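Analysis of the macromolecular model
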Amino acid sequence: MMSTENLNKDEALDKMKTMVNSIKTAMLVTDFGNKPLSAVPMTTKEVDKEGNIWFFSRLDSDHNGDIAKDDDVQLLFSDTSDMEFISIYGKASIETNKGVLKEFYGKMDDAWFNGVDDPNLTAIKVVPQEAYFWDNKQNKFVTFLKIGAAAITGDKKEIGEKGKLNL
């Protein structure tokens, strides 16, 4: 059993930031009008103080093209080791501002780009509109023990919380 906790504005923003910063990697889903959906893994660069989520991307990537046509995106963050999951719906934009690119660029980004002046380097800014989370609060082993105990005893065990984040 999971308790439901719907959070509003400040609490929701804090919960989202904590989970995104903990998990780091998301599947970015674009092109909602076509099947199958387009989904690519992305590593979070930062969640800024307003709650915008930033990623780097190649200018010539399919997902950048999808965002240029339709700015609706879904971010799916999943950490199965800690049993934390968050789905974030939002609006995305492609940023080419050098100040933004320099702010987020690090040495590890050289694996994908030819420095901060690479003409193919862009940032994706996702402005979250709505999110839903599942957070088991314990690791997978403890959760499975609780589920096993509930199956044996018939008692419902609290294994975490879920809820809508009103951003």
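Preceding this paragraph is the structure being described.
Residues numbered from 1 in each chain as written. Predicted model: local features only at pLDDT ≥ 70, side-chain atom pairs only at ≥ 80, totals over all residues. Heavy atoms only, no water.

On to the packing of aromatic side chains. Taken as a whole and assessed by the stated rule, the structure comprises four aromatic pairs. Judged by centre distance (5.1 Å) and plane angle (40°), the ring pair of W54 and F104 falls under tilted. Taken together, the residues span a long stretch of sequence, with W54 in strand 6 (residues 53-58) and F104 in helix 3 (residues 98-104) at a distance of 50 residues. The exposure classification of W54 matches that of F104, with both residues buried. With a centroid separation of 5.8 Å and an interplanar angle of 40°, the aromatic rings of F56 and Y105 are classed as tilted. One end of the pair, F56, is in strand 6; the other, Y105, is in the loop between helix 3 and strand 9 (121-135), with 49 residues separating them in the sequence. Take F56 and Y105: they sit in the same class, and that class is buried. Taken together, the ring pairs connect F56, Y105 and F113 into an aromatic cluster. (Phe/Tyr/Trp six-rings, centres within 6.5 Å; stacked < 30°, edge-to-face > 60°. Helix = DSSP H or I, 4+ residues; strand = E, 2+ residues; numbered from the N terminus. Buried < 20%, exposed > 50% of the residue type's maximum accessible area, 1.4 Å probe, protein only.)

Residue placement: Q74 occurs in strand 7 (residues 72-79). Through-space distance from the C-alpha of Q74 to that of L28 is 6.0 Å; in sequence the pair is 46 residues apart. For Q74, the residues in contact, after removing those within four places along its chain, are M27, L28, V29, F32, S87, I88 and Y89. There is a polar contact of 2.6 Å between the side chain of Q74 and the side chain of S87. (Contact = heavy atoms within 4.5 Å. Polar contact = N/O pair within 3.5 Å; in protein donor to acceptor, adjacent residues only side chain to side chain.)

The subject of this paragraph is helix 2 (residues 62-69). Because each turn of an α-helix spans 3.6 residues, side chains separated by three or four positions end up pointing in the same direction. H63, N64, D66 and I67 are the residues of helix 2 that are buried. Viewed along the axis of helix 2, the buried residues span an arc of 160°, placing them on a single side of the element. In helix 2, the exposed positions angled more than 90 degrees off the buried face are occupied by D62, A68 and K69. Next to the buried residues of helix 2 lie strand 3 (25-30), strand 4 (38-43), strand 6, strand 7, strand 8 (84-95) and strand 9. (Arc of directions from axis to C-beta.)

Turning our eyes to something else, we now look at the pattern of salt bridges. Taken as a whole, this structure holds seven salt bridges when the rule is applied. K91 is the salt-bridge partner of D71, the closest N and O atoms lying 3.6 Å from each other. Taken together, the residues span a long stretch of sequence, with D71 in the loop between helix 2 and strand 7 and K91 in strand 8 at a distance of 20 residues. Relative accessible area serves as the criterion here: at 31%, D71 is assigned to the partly exposed category. With a relative accessible area of 29%, K91 lands in the partly exposed category. With a closest N to O distance of 2.4 Å, K91 and D72 form a salt bridge. You can see K91 sitting in strand 8 and its partner D72 sitting in strand 7, a full 19 residues away along the chain. Residue classification places D72 among the buried positions, given a relative accessible area of 17%. The network of salt bridges with shared partners includes D71, D72 and K91. (Salt bridge = Lys/Arg side-chain N within 4 Å of Asp/Glu carboxyl O.)

Geometric values such as these leave the question of function open.
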